[in-house]
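What follows is the residue order along each chain.
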Amino acid sequence: MAIKYDEYLLLEIFNSEPIIIDKEAEIYKYKMQDSLGLEIAFSFSVYDQYVTIRLDNKQLQNPLYDIEIQDVEEIRVENVKLLIIKQQNKEPAIEIKVKPNFMINLCI
């Protein structure tokens, strides 16, 4: 299986093309910075079905948040939110809101 996602909606929410980590394996990374200096890095492997989310601030040595989610079925974009859908329950495991500021909500 592979992660279902809409590359155009991801382009729209991040306002940039992804960084291609591995074109053949389809591993992509998106980055975005907010007005407070926080940076979110969102990467995923289409075929290995994992997503990583990292929230950083340049003034801090360690990330504020760093997680990897396995067995992801779908990355859904709804307005200003990314929803990470796991295979088990078909419900969002994590919601990431990108505007006006970053917010990460665990739905488990």
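Caption draft 1: The arrangement of the sheet that holds strand S2 (residues 27–33) in detail. One open sheet holds the five strands; their spatial order is S1-S2-S3-S4-S5, and the pairing between them is antiparallel. Strands at the two margins of the open sheet, each flanked by one partner only, are strand S1 (19–22) and strand S5 (65–70). Across the sheet, the axes of successive neighbouring strands diverge by a mean angle of 15°, strand direction being ignored. Where S1 lies against S2, three bridges are found, and the strand directions are antiparallel.

Caption draft 2: The arrangement of the nonpolar core in detail. Core analysis: the biggest nonpolar cluster contains 25 residues, and Phe 42, Phe 44, Val 51, Ile 75 and Leu 82 have the highest contact counts within it. Contributing elements (two or more residues each) for this core: helix H1 (7–14), S2, strand S3 (38–45), strand S4 (50–57), strand S6 (72–78), strand S7 (81–86) and strand S8 (92–97). With four residues, S3 is the largest single contributor of residues to this core. Setting aside anything within four residues of it in sequence, one finds Ile 75 in contact with Ile 3, Lys 4, Tyr 5, Leu 10, Phe 42, Phe 44, Val 51, Leu 82, Leu 83 and Ile 84.

Caption draft 3: Focus on the side chain of Thr 52. Take Thr 52: it is sitting in strand S4. Given the relative accessible area of 18%, Thr 52 is considered buried. Engagement of the side chain of Thr 52 in a polar contact is seen with the side chain of Ser 43, the distance being 2.3 Å. If sequence neighbours within four positions are ignored, Thr 52 has contacts with Ala 41, Phe 42, Ser 43, Ile 67 and Glu 68.

Caption draft 4: Structural detail: the pairing of S3. For S3, the buried fraction is high: seven of the eight residues fall into the buried class. Pairing analysis gives seven bridges linking S2 to S3, with the strands arranged antiparallel. Bridging across to S3, Gln 33 finds its partner in Glu 39. Pairing of S3 with S4, which is carried by eight bridges, proceeds in the antiparallel orientation. Across the sheet, Ala 41 pairs through a bridge with Arg 54, a residue of S4. From the end of S3 to the start of S4, which pair antiparallel, there are four residues, and Gln 49 there has a positive phi angle of about 55°.

Rules and cut-offs
Residues numbered from 1 in each chain as written. Predicted model: local features only at pLDDT ≥ 70, side-chain atom pairs only at ≥ 80, totals over all residues. Heavy atoms only, no water. Pairing = 2+ DSSP bridges. Helix = DSSP H or I, 4+ residues; strand = E, 2+ residues; numbered from the N terminus. Axes fitted to C-alpha atoms, helices over the stretch in contact; angles between N-to-C directions. Core = buried A, V, L, I, M, F, W, Y, C linked by side-chain atoms within 4.5 Å. Buried < 20%, exposed > 50% of the residue type's maximum accessible area, 1.4 Å probe, protein only. Contact = heavy atoms within 4.5 Å. Polar contact = N/O pair within 3.5 Å; in protein donor to acceptor, adjacent residues only side chain to side chain.

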